[in-house]
Amino acid sequence: MTSPVTLTKLYLRDYRSYSELLFEPAAGVNVLLGPNAAGKTNLLEAINYLSTLRSPRTARDADMIRHGSDTFYVKGQFQGRGPAHTLEVGYRSGKGRALRIDGVPVKRASDFRGRVNSVFFSPDDLGLVKGGPGNRRDFIDSEISQVDRGYGRALDAYARILSQRNDALKHFKIRKTPEISARAQLEPWDAQLVDVASAIVSRRVDHLGAWIDLAREVYCDLSGGSEELTAEYRSGYTPDIELGEGR
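Attention here is on the structure that accompanies the text. (Residues numbered from 1 in each chain as written. Predicted model: local features only at pLDDT ≥ 70, side-chain atom pairs only at ≥ 80, totals over all residues. Heavy atoms only, no water.)

**A closer look at the pairing of strand β2 (residues 18-23)**
Working step 1: When strand β1 (residues 6-15) meets β2, the two strands line up antiparallel, connected through five bridges. Paired with Leu10 across the bridge in β2 is Phe23.
Working step 2: The turn linking β1 back onto β2 is made up of two residues, and Arg16 within it adopts a positive phi angle of 55°. (Pairing = 2+ DSSP bridges. Helix = DSSP H or I, 4+ residues; strand = E, 2+ residues; numbered from the N terminus.)

If you want it as structure tokens, here you go:
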């Protein structure tokens, strides 16, 4: 799908507070009004979930299942410059997600993320400034994954390799494997982790460099040119890198 893309229909079943909902936004800006706990944020979360396959409010898909059910289903129809496209996510407890694009099953989450882009902002996003580095890292990962599928695949690969390495460590502990033997057996996983981590850091630097260039322009306008915005990417993997200016 190409940008810009507009949401034309959203269908929810057993998602959060909704047993069933069909939402068809009007053209232009839409404003959702309602009392507390009416489900406004749930609806916005579902739209963002179709972009990122991640909730900005929970790390567990199971938390989005409506009470009393063991599944949820989210379907969105989007209109760009060409034909309309449909994204579908079904989740069942104990079995995980099923993804489809235009009715065709998709196996890899990295091939689904970023088909449409969205930005979810809530008061909790103040944690990007006030919270720890994990908040900022999660935000960066989510945003880059929407525009760079290679980055999403690298994140998935890193998580998979790390899980395999951790399983091996548990096995060594149970079997009381000698340290020298354990280290030798871990070397393949360590080498893979280094390769994938290098790709992740490199892509972060490239994307953050482009972001900070844009942010500098905006901040310059806001301050009337009296102040300059600067930023650094601080990682334990590489030396600190100043961002921007085409990086």
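**Some words on the layout of surface pockets**
Working step 1: Each pocket or cavity is described by its volume, and for the largest pocket that value is around 1200 Å³.
Working step 2: If you trace the largest pocket, you find 40 residues lining it, with Arg54, Asp138, Phe139, Asp141 and Ser142 closest to the centre.
Working step 3: Secondary structure elements with two or more residues in the lining of the largest pocket: α1 (40-52), α3 (127-130), α4 (133-147), α5 (149-175) and α6 (179-222).
Working step 4: Considering each element in turn, the lining of the largest pocket owes the most residues, eight residues, to α4.
Working step 5: When grouped by side-chain class, the residues that make up the lining of the largest pocket number 18 nonpolar, nine polar and 13 charged. (1 Å grid on protein atoms, 1.4 Å probe; cavity = no way out; pocket = protein on both sides within 12 Å on 5 of 7 lines; lining within 4 Å. Points joined across faces, edges and corners; volume = space filled by probe spheres on them. Nonpolar A, V, L, I, M, F, W, Y, C, P; charged D, E, K, R; others polar.)

**Observations regarding the nonpolar core**
Working step 1: One finds Leu10, Leu12, Leu50, Phe72, Val74 and Phe112 to be the most contacted residues of the largest nonpolar core, which totals 27 residues.
Working step 2: For this core, the elements supplying multiple residues, two or more each, are β1, β2, α1, β3 (71-79), β4 (85-92), β5 (96-101) and α2 (109-112).
Working step 3: It is α1 that provides the largest number of residues to this core, a total of five residues.
Working step 4: By size, the runner-up hydrophobic cluster in this structure holds 14 residues, among which are Ile140, Leu155, Leu193 and Leu208. (Core = buried A, V, L, I, M, F, W, Y, C linked by side-chain atoms within 4.5 Å. Buried < 20%, exposed > 50% of the residue type's maximum accessible area, 1.4 Å probe, protein only.)

**A few points about the packing of aromatic side chains**
Working step 1: Applying the stated criterion across every chain, the model contains four aromatic pairs.
Working step 2: Taking the centre distance of 6.0 Å and the plane angle of 65° together, the rings of Tyr11 and Tyr73 count as edge-to-face. With a gap of 62 residues between them, Tyr11 in strand β1 and Tyr73 in strand β3 connect regions that are remote in the sequence.
Working step 3: The exposure class of Tyr73 is buried, given its relative accessible area of 15%.
Working step 4: Between Tyr15 and Phe72, the aromatic rings sit 5.4 Å apart at their centres with planes inclined by 90°, giving edge-to-face as the arrangement. (Phe/Tyr/Trp six-rings, centres within 6.5 Å; stacked < 30°, edge-to-face > 60°.)

**Some thoughts on unusual backbone geometry**
Working step 1: In this structure, Asp14 takes a positive phi of about 55° despite not being glycine.
Working step 2: Relative to the helices and strands, Asp14 is located in strand β1.
Working step 3: Of the residues examined, Asp14 reaches a relative accessible area of 14% and is grouped as buried.
Working step 4: Positioned with a positive phi, Asp102 is a non-glycine residue whose angle comes to about 50°.
Working step 5: By relative accessible area, Asp102 is classed as partly exposed at 38%.

**Notes on the environment of Lys170**
Working step 1: The topology assignment puts Lys170 in helix α5.
Working step 2: Sequence separation of Lys170 and Ser122 is 48 residues, and the distance between their C-alpha atoms is 39 Å.

**A few points about α5**
Working step 1: Under the 1.5 Å per step criterion, the end-to-end length of α5 is 39 Å for 27 residues, consistent within 8% with the ideal 39 Å.
Working step 2: If you check which residues of α5 are buried, you get Gly150, Tyr151, Gly152, Ala154, Leu155, Ala157, Ile161, Arg165, Ala168 and Phe172.
Working step 3: Contact partners of the buried residues in α5: α2, α4 and α6.
Working step 4: For α5, the side-chain oxygen to backbone nitrogen distance between the N-cap and Gly150 is 3.1 Å, and the N-cap itself is Asp148.
Working step 5: Lys176, located one to two residues past α5, shows a positive phi value of around 55°. (Expected span 1.5 Å × (residues − 1). Contact = heavy atoms within 4.5 Å. Polar contact = N/O pair within 3.5 Å; in protein donor to acceptor, adjacent residues only side chain to side chain.)

**Examining the pattern of salt bridges**
Working step 1: Counted under the stated rule, the structure contains 16 salt bridges.
Working step 2: The partner of Glu88 in a salt bridge is Arg100, with the nearest N and O atoms 2.9 Å apart. Here the residue Glu88 occupies a position in strand β4, and Arg100 occupies one in strand β5, the gap between them amounting to twelve residues.
Working step 3: Looking at Glu88, the relative accessible area reads 8%, which means it is buried.
Working step 4: Through salt bridges with shared partners, a single network forms among Arg16, Glu45 and Arg57. (Salt bridge = Lys/Arg side-chain N within 4 Å of Asp/Glu carboxyl O.)

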